Amino acid sequence: MRTTLTSSAARIPAVAPALRRVGSVFAALTFLLFAPDPSAAQVPTPASVLGFTPGTDRQLANWTEMLGYYETLAQASNRVVLDTLGTSTDGRPFVALTITSPGNHARIDELHDVQMRLADPRRIGDRGELRRLLERGRTVVLITHGIHATEVGSAQSAANLAYRLASSNEPRVREILDDVILIQIPSLNPDGMEWVVDWYDRWKGTEYEAAPLPWLYHRYVGHDNNRDWYAFTQVETQLTVEKAHNAWHPQIVHDIHQMGGGGARIFFPPYTEPWDPNIDPALTAAVNQLGTYMAAELTAEGKSGVLVQAIYDAYTPARAYQHYHAGARILSETASADLATPVRVDPAFLSGGRGYNAAERSWNYPDPWTGGQWGLPDIVDYMESGAMALLTNAARNRRYWLENFHAIGERGIDVAEGAPEAWLIPADGGTPAAVDYALRVLAMGDVEVHRARAPFVADGERFPAGTWVIPMRQPYSSFVQTLLERQEYPDLREYPGGPPKRPYDVTAHTLPLLLDIEAVPIRSALGVALSEPIEAPAFSFRAPVSLMGDGAPRIAMYKGRREPMEAGWTRWVFDQHGLAYDTLSDARVRAGGLNDDYDVILIQDQSPLQINAGFPEGTLPPEYTGGLGDPGRRALRDFVRSGGRLVVIEEATDWAMELFDLGVANAVERLPPRDFYIPGSLLSLEMEDDLFAQGLKPEVASWFWRSSRAFDVSDPTIRVLARYAESPLLSGWALGEERVGGQPALVEARVGRGSVILFGFQPNYRGQSMSTWPILFRALAGRPARVFDDG
């Protein structure tokens, strides 16, 4: 749906008599700029549609209700256009609002063309044309809300912000409307918003008010939907990237989140170290100035608890697509309440985090919040103030944002001394599905990917026709470089010789290792004709034949009430491959008789406590509490002893070790972080067992992070299927890598007539680690597969 609007141009002549009476040119211009827009009075308030003002304690609008308001708003305001970009994973409308002045709407195609030319300096003829573009252009801002559905204030605040910009005639708002084009996505996760709000309303007023949602708030990935900004696996990410980021190339992206409620009230950049070195320095400086400006504005308004340069870093593209596309990503994190239920925070329990102490005044936390009541009204108020501060900066510094944006693009098409002129992916440099995955990431990331039309020689090596070529003299070359090179994460410590400074997320994102493909940097000029840039290919996954058809094993995956995100990601992989599988609830496992229906059961990374006990009694209604318990443990023990195969991953291996009394232990369990710390890196894995490894590569990259482990094997009957290499680190950061070097990473134990396979590494890292999918498929198949199309 697209709601188009009536232009205000027809109303301009009506104000001419009033202008003549003003008596001065300056006053006339001021009147034109800031005179009240009579149509603004007709704009409906959120309360008039929803029945309450968003940000009211214990009141939430779900996605269906909010969408109704945005449709009404767009029909009433000549400042707002509503577009449906597509549908969410579960079929709900995924929309964006374009908010700007009626005059800008009337020439939106022209302004879009200006923005696209500034985004690609190769399209600008000379400095005179550049000067004209900078004079005509507007700062483009993308504000995204509600990606994490339990951070309820973000999506609620979207309505208030949209209404204010659509209705207000205050000079600040008129300035924003004139100099900014705002693309607002009011919910990046419509499905989760619907579920969380409906769940909250269902139990509001009972002892279970604000109880946690007992399933992932995205069908597949839960909280990890904000870790998908380079792999583009999920529908919502794809729509946002292709129809907002790439469609407009915003100078600024404001991503509105919530954090824990025991410290600062709101965070803005600067981010902590490290920044990815592939990000342009001028972009780092732009983020720093804008975040600090926002913090200063809120502090000047009398809002306490404003924090900068703490907790969050800027290292991975998984959370910061725009940093590799010449735009500033401004994350804000506002303190949470209990969903929409207010809380009271005892000052004695205020705590800090990385980079600050919540109880002490400091340069980056100048006015500490001292505790007390905190609720949804506060959350929404802080969020709206932050967004307005950002939009004010974007308007008043329009020329700066446009010039900086263009200059970053100019540097993108220049190749620094010693840097690659191009990256090459040989046509046979991996499985077709893996190469397609890499090409899809790059092309969807607005990178120009070509094919060589003839054989050629580069850096003394001969490459055939059909080789994929990614020239680096293009605006988004930093996106290419960060994804294809190996990461060398800095060794950051709390103090010299002390424990590591924990990164906010992970430290590696090297696509050639994750996908098990070849990517070659070339430093000489290429002398070969190239095809036109390709379109992004679709995923082309195919399941191994051993897991398909009548002879395939009957597969089930454990899905308790506290399903981990890794299980959701695995369901996504299975669904993409067309694998047949069931999900097993706690009740189904407890009922027993599992061998009647299944040959193999998978338990993804989950703690023994969560597997056994689920949600504790009293935290949710009784039908949602409890885990496998003793009946479920007995049922799975009987399943294996009667010939079933159990595959357990990472932390779930602890549960299996105890249940079956296996002669296996976690070799790195008790090591302090200063001696052993691998927070999300790629390690070399060597296949050990010839029978199991038949048809698999002898050495691949494996994903190792917070819950991964190496094994100590004390039972000689246990088969070691794979080991970490002696010096395993391939990309990222590893302290004490020798602690896992040469140690078992994948083992199989015979139990009765069945077996248990234990993965110490994560074979399916966020839907990306195609290098180890074949190992997971082999474990499920229980015998060498005839074909592994994905590895």
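Here is what the cut-offs are and how they apply
- Residues numbered from 1 in each chain as written.
- Predicted model: local features only at pLDDT ≥ 70, side-chain atom pairs only at ≥ 80, totals over all residues.
- Heavy atoms only, no water.
- Helix = DSSP H or I, 4+ residues; strand = E, 2+ residues; numbered from the N terminus.
- Rg over C-alpha atoms; globule rule 2.2 N^0.38 Å.
- Contact = heavy atoms within 4.5 Å.
- Lys, Arg positive; Asp, Glu negative; His and termini not counted.
- Charge placed at Lys NZ, Arg CZ, Asp CG, Glu CD.
- Expected span 1.5 Å × (residues − 1).
- Buried < 20%, exposed > 50% of the residue type's maximum accessible area, 1.4 Å probe, protein only.
- Phe/Tyr/Trp six-rings, centres within 6.5 Å; stacked < 30°, edge-to-face > 60°.
- Pairing = 2+ DSSP bridges.
- pLDDT = per-residue confidence, 0-100.
- Salt bridge = Lys/Arg side-chain N within 4 Å of Asp/Glu carboxyl O.
- Axes fitted to C-alpha atoms, helices over the stretch in contact; angles between N-to-C directions.
- Parallel < 35°, antiparallel > 145°, perpendicular 65-115°, else oblique.
- Left-handed = near helix turned anticlockwise from the far one by under 90°.
- Nonpolar A, V, L, I, M, F, W, Y, C, P; charged D, E, K, R; others polar.
- Patch = residues over 30% accessible without salt bridge, like charges linked within 9 Å, V, L, I, M, F, W, Y side chains within 5 Å.
- Areas by Shrake-Rupley, 256 points an atom, 1.4 Å probe, with all protein chains shown as cover.

This part covers the overall build of the protein chain. Regarding its fold elements, the protein chain presents 24 helices and 30 strands. A compact globule built from 791 residues would reach a C-alpha radius of gyration of about 28 Å, and the protein chain, at 28 Å, matches this within 12%. Nonlocal contacts in the protein chain, meaning residues at least 24 apart in sequence, comprise 79% of its contacts between residues at least 6 apart. Each charge sign in the protein chain was given a centre, from 72 positive and 97 negative side chains, and these centres are 3 Å apart.

Further remarks concern helix 18 (residues 565-577). Each full turn of the α-helix corresponds to 3.6 residues, which orients residues three or four apart in the same direction. Counted at 1.5 Å a residue, the expected span for helix 18 with its 13 residues is 18 Å, and the 19 Å between its end C-alpha atoms agrees. All of the buried residues along helix 18 are Glu566, Ala567, Gly568, Trp569, Thr570, Arg571, Trp572, Val573, Phe574 and His577. Packed against the buried residues of helix 18 are strand 20 (555-558), strand 21 (582-584), strand 22 (600-603) and helix 24 (773-781). Two residues or fewer past helix 18, Gly578 is found with a positive phi of approximately 75°.

Time to look at the packing of aromatic side chains. If you walk through the whole model with that rule in mind, you get 36 aromatic pairs. With a centroid separation of 5.7 Å and 65° between ring planes, the pair formed by Tyr271 and Trp275 is classed as edge-to-face. A ring pair is formed by Tyr356 and Tyr365, whose centres lie 5.2 Å apart and whose planes are at 65°; its orientation type is edge-to-face. For the residue pair Tyr356 and Tyr365, the accessibility class agrees, reading buried in each case. An aromatic cluster is built from Tyr437, Phe539, Phe541, Trp569, Trp572 and Trp773, whose rings are joined through pairwise contacts.

With that out of the way, let us pick up the environment of Asn246. Tracing the sequence through the fold places Asn246 in helix 11 (residues 235-248). Judged by its relative accessible area of 13%, Asn246 falls in the buried class. Between the C-alpha atom of Asn246 and that of Val506, which follows or precedes it by 260 residues, the distance is 25 Å. In contact with Asn246, other than residues within four places in its own chain, are Met116, Val241, Tyr321, Met444 and Asp446.

Now for the pairing of strand 23 (residues 645-649). Within strand 23, five of the five residues are buried, leaving the element largely enclosed by the surrounding structure. With burial as the criterion, each face of strand 23 is covered, one bearing Arg645, Val647 and Ile649 and the other bearing Leu646 and Val648. Sheet topology note: the strand 22/strand 23 ladder contains four bridges and is parallel. Looking at the pairing, Ile603 lines up with Val648 of strand 23. Note that strand 23 and strand 30 (residues 754-759) share five bridges and pair parallel. Bridging across to strand 30, Ile649 finds its partner in Phe759.

Across the junction of Pro269 and Pro270, the peptide omega takes the value 15°, indicating a cis bond. Following the sequence through the fold, Pro270 ends up in the loop between strand 7 (266-268) and strand 8 (272-275). For the bond running from Glu273 to Pro274, omega is 5°, close enough to zero to count as cis. Residue His249 is not a glycine yet carries a positive backbone phi of 45°. Tracing the backbone through its elements, the reader meets His249 in the loop between helix 11 and strand 6 (252-259).

What follows covers the sheet that holds strand 18 (residues 468-471). Reading across from one edge, 15-18-14-19 is the order of the four strands in this open sheet, with antiparallel pairing throughout. Either end of the sheet is taken by a strand with one partner, and the two such strands are strand 15 (450-451) and strand 19 (520-522). The pairing of strand 14 (residues 422-425) with strand 19 spans three bridges and is antiparallel. Residue pairing across strands places Trp423 opposite Pro521, the latter belonging to strand 19.

A few words now on the confidence of the model for the protein chain. Residue-level pLDDT values for the protein chain average 94, and 94% of them are 70 or greater. Confidence drops under a pLDDT of 50 for residues 1-33, and excluding neighbours within four residues, the segment shows 38 contacts in the predicted structure.

Let us look at the pattern of salt bridges. Taken as a whole and judged by the stated rule, the model has 38 salt bridges. Here Asp689 ties to Arg719 by a salt bridge, and the two come within 2.8 Å at their closest N and O atoms. Of this pair, Asp689 sits in the loop between strand 25 (681-687) and helix 23 (690-693) while Arg719 is found in strand 28 (residues 719-731), placing the two residues 30 residues apart along the sequence. The class for Asp689 is buried, based on a relative accessible area of 16%. Among the charged side chains, a salt-bridge network with shared partners connects Asp113, Arg117, Arg123 and Glu129.

Where helix 12 (residues 281-300) contacts helix 13 (residues 376-396), the axes come no closer than 9 Å and their chain directions differ by 125°. Between helix 12 and helix 13, the angle falls in the class oblique. As for how helix 12 packs across helix 13, the hand of that crossing is right-handed. Taking contact as the criterion, the partners of Gln289, Leu290, Tyr293, Met294, Glu297 and Leu298 in helix 12 are, on helix 13, Tyr382, Ser385, Gly386, Ala389, Leu390, Thr392, Asn393 and Arg396. A class-by-class count of the residues in the contact of helix 12 with helix 13 yields seven nonpolar, five polar and two charged.

All right, on to helix 22 (residues 652-660) then. Counting buried residues in helix 22 gives seven out of nine residues, a clear majority hidden from the surface. Within the sequence span of helix 22, burial applies to Ala652, Thr653, Trp655, Ala656, Met657, Leu659 and Phe660. With its phi angle positive at about 50°, Asp661 sits one or two positions after the end of helix 22.

This paragraph deals with a negative patch on the surface. A contiguous patch of negative charge, built from Asp428, Asp459, Glu461 and Glu518, is present on the exposed surface. As for its placement among the helices and strands, Asp428 is situated in the loop between strand 14 and helix 15 (432-444). Its relative accessible area of 66% is what places Asp428 among the exposed residues.

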